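# Coordinates in review
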Amino acid sequence: MALWTVYGDGRRVTAGEVVAPDERLSWPLTVGFGLQHVVAMFGATVLVPATTGFPVTTTLLFSGAGTLLFLVITRNRVPSYLGSSFAFISPLVAARQEGLPAQLGGVLATGVLLVFVGVAVKALGVRLLESLMPPVVTGAVVMLIGLNLAPSAVDNFEKQPLIAMITLAVILLCGVLGRGLLSRASVLVGVLVGWLLAAVSGGLDPDRLDAVQAAAWLGMPQFTGPELRPSVVLTVLPVVIVLVAENVGHVKAVASVTGRDLDGSVGDALIANGLSTALAGFGGGSGTTTYAENIGVMTATKVYSTAAYVVAGVIAVLLSFSPKFGALLNTMPTGVLGGATLLLYGLIALVGVRIWLATRVDLLNPVNLMVAAAALVAGVGNLTVSIGDVALGGIAWGSLLIVIGHPLLRTLHASRNT
């Protein structure tokens, strides 16, 4: 039995009609739509390893492989691309001095925990998440992860202010004034413009340029094994809350644009993303998440075919086998990273604000107000306190405060009022 049936004549989409996930157009057109998905995911997917110090080609490999795995586990029902999650940037940069193996241990542990969450959701239903992680908790964790590394973005911005300012300006103009794919690919366009400016003004690192010349066109990605260190694992684990929120939200968004009930696929999506992230952590790549950028492409084109995502996943895997391509991406200037992350870190934080607004979190409630306030300052101020030999930073302490403190104080508050 074929995975996809051909829509119509395979060459055109009738006005007002859509190409369903289990349908496809002709293969040349499907490849074209797959390339469009690659463009949509590319800027964000490569920016995460460029910022955290992970090998770019390895991250691309596990991004493409993770997407293919996701489509298999969700049984071809949820058209989505799994790219690098921005939520990992802050904890991974905070743990950078511990070395790549320790960072990968955090990614691996996060992926495994997400698999367990997916299994629980599949067995008990989506409402389990709502009871364990109410919006006040998820919103606060997303905010503190986004803002924890704000000083790093500012520091990078100040090292090459002109390049950073132009990069940021292009991203803002494309994102606000651009239409269609230009708006969706605003980060990629801004990074490319900043990169070219750095190239003509001597802002690229000469040693990294030499590495591009020396790199082979074809070769294996760099594989690195993980090392589990409690301090790093506890710093990265709160990302699970962000991944759960992103996956659930994106599955519901896909259900909305495709007109299908996908609530039964939420558990599968979480399991698939968890396995993809664990696989990346086991081999040397950054953690993954479903991408809103690609959902936007589907919304604009009305082509929801999972075949296009298979093409995108295969292209990402193929690109990962070019060391020269990886070395070229590694020439990303500090100013470009500063301009892009100044915006991106803020966007992550505002996702948390949006969660609070959309769910009408009551900040007059003393439990919500006081616990969230303490957690946010711990995260933004990067509160670092050691327990024995294990040093925990702001993300870990802030997340622990809200995840443990909120249900505890909510229970005490409720018992006092009964």
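Residues numbered from 1 in each chain as written. Predicted model: local features only at pLDDT ≥ 70, side-chain atom pairs only at ≥ 80, totals over all residues. Heavy atoms only, no water.

Scanning the protein from terminus to terminus reveals 20 helices and 6 strands. At 21 Å, the protein has a C-alpha radius of gyration in line with the 22 Å of a compact globule built from 418 residues. Burial analysis of the protein (418 residues in total) assigns 54% to the buried set. The contacts of the protein with a sequence gap of at least 6 include a subset with a gap of at least 24, amounting to 81%. When the accessible surface of the protein is summed, it comes to about 18100 Å², and 68% of that surface belongs to carbon and sulfur atoms. Measuring between centres, the 21 positive side-chain charges of the protein sit 8 Å from its 19 negative side-chain charges. (Helix = DSSP H or I, 4+ residues; strand = E, 2+ residues; numbered from the N terminus. Rg over C-alpha atoms; globule rule 2.2 N^0.38 Å. Buried < 20%, exposed > 50% of the residue type's maximum accessible area, 1.4 Å probe, protein only. Contact = heavy atoms within 4.5 Å. Areas by Shrake-Rupley, 256 points an atom, 1.4 Å probe, with all protein chains shown as cover. Lys, Arg positive; Asp, Glu negative; His and termini not counted. Charge placed at Lys NZ, Arg CZ, Asp CG, Glu CD.)

Another aspect to go through is unusual backbone geometry. Of note, the phi angle at R75 is positive, near 55°, even though the residue is not glycine. A relative accessible area of 46% places R75 in the partly exposed class. For N76, which is not a glycine, the phi torsion comes out positive at approximately 65°. Relative to the elements of secondary structure, N76 occurs in the loop between helix 2 (56-73) and strand 3 (82-84).

Positionally, G190 belongs in helix 10 (residues 186-200). The class for G190 is buried, based on a relative accessible area of 0%. Between the alpha carbons of G190 and L172 there is a distance of 8.4 Å; along the sequence they are 18 residues apart. Every residue in contact with G190, bar those within four places of it in the chain, is listed here: T167, V170 and I171.

Time to look at the packing of helix 6 (residues 135-148) against helix 20 (residues 394-416). Running from amino to carboxyl end, helix 6 crosses helix 20 at an angle of 170°, the nearest separation of the two axes being 10 Å. Judged on the interaxial angle alone, helix 20 and helix 6 are roughly antiparallel. Every residue of helix 20 that contacts helix 6 at V136, V137, A140, V141, L144, I145 and N148 is listed here: G394, I395, G398, S399, I402, V403 and H406. Residues that form the contact of helix 6 with helix 20 fall into these classes: 9 nonpolar, 5 polar and no charged. (Axes fitted to C-alpha atoms, helices over the stretch in contact; angles between N-to-C directions. Parallel < 35°, antiparallel > 145°, perpendicular 65-115°, else oblique. Nonpolar A, V, L, I, M, F, W, Y, C, P; charged D, E, K, R; others polar.)

Moving on: the packing of aromatic side chains. Under the defined criterion, the tally for this structure stands at 2 aromatic pairs. Ring centres 6.0 Å apart and planes at 85° place the aromatic pair W4 and W27 in the edge-to-face group. Here W4, found in the segment before strand 1 (5-6), pairs with W27, found in helix 1 (residues 27-52); they are 23 residues apart in sequence, far enough to count as distant. Overall, the relative accessible area of 40% leaves W27 in the partly exposed class. When the ring of F62 is compared with that of F223, the centres are 6.4 Å apart and the planes differ by 75°; the resulting orientation is edge-to-face. One end of the pair, F62, is in helix 2; the other, F223, is in the loop between helix 11 (206-214) and helix 12 (230-236), and 161 residues separate them in sequence. When the ring centre of W217 is taken as reference, the NZ or CZ atom of K324 above it lies at 5.2 Å. (Phe/Tyr/Trp six-rings, centres within 6.5 Å; stacked < 30°, edge-to-face > 60°. Lys NZ or Arg CZ within 6 Å of the ring centre and 35° of its normal.)

Spatial relationships are all this shows, so hold off on functional conclusions.
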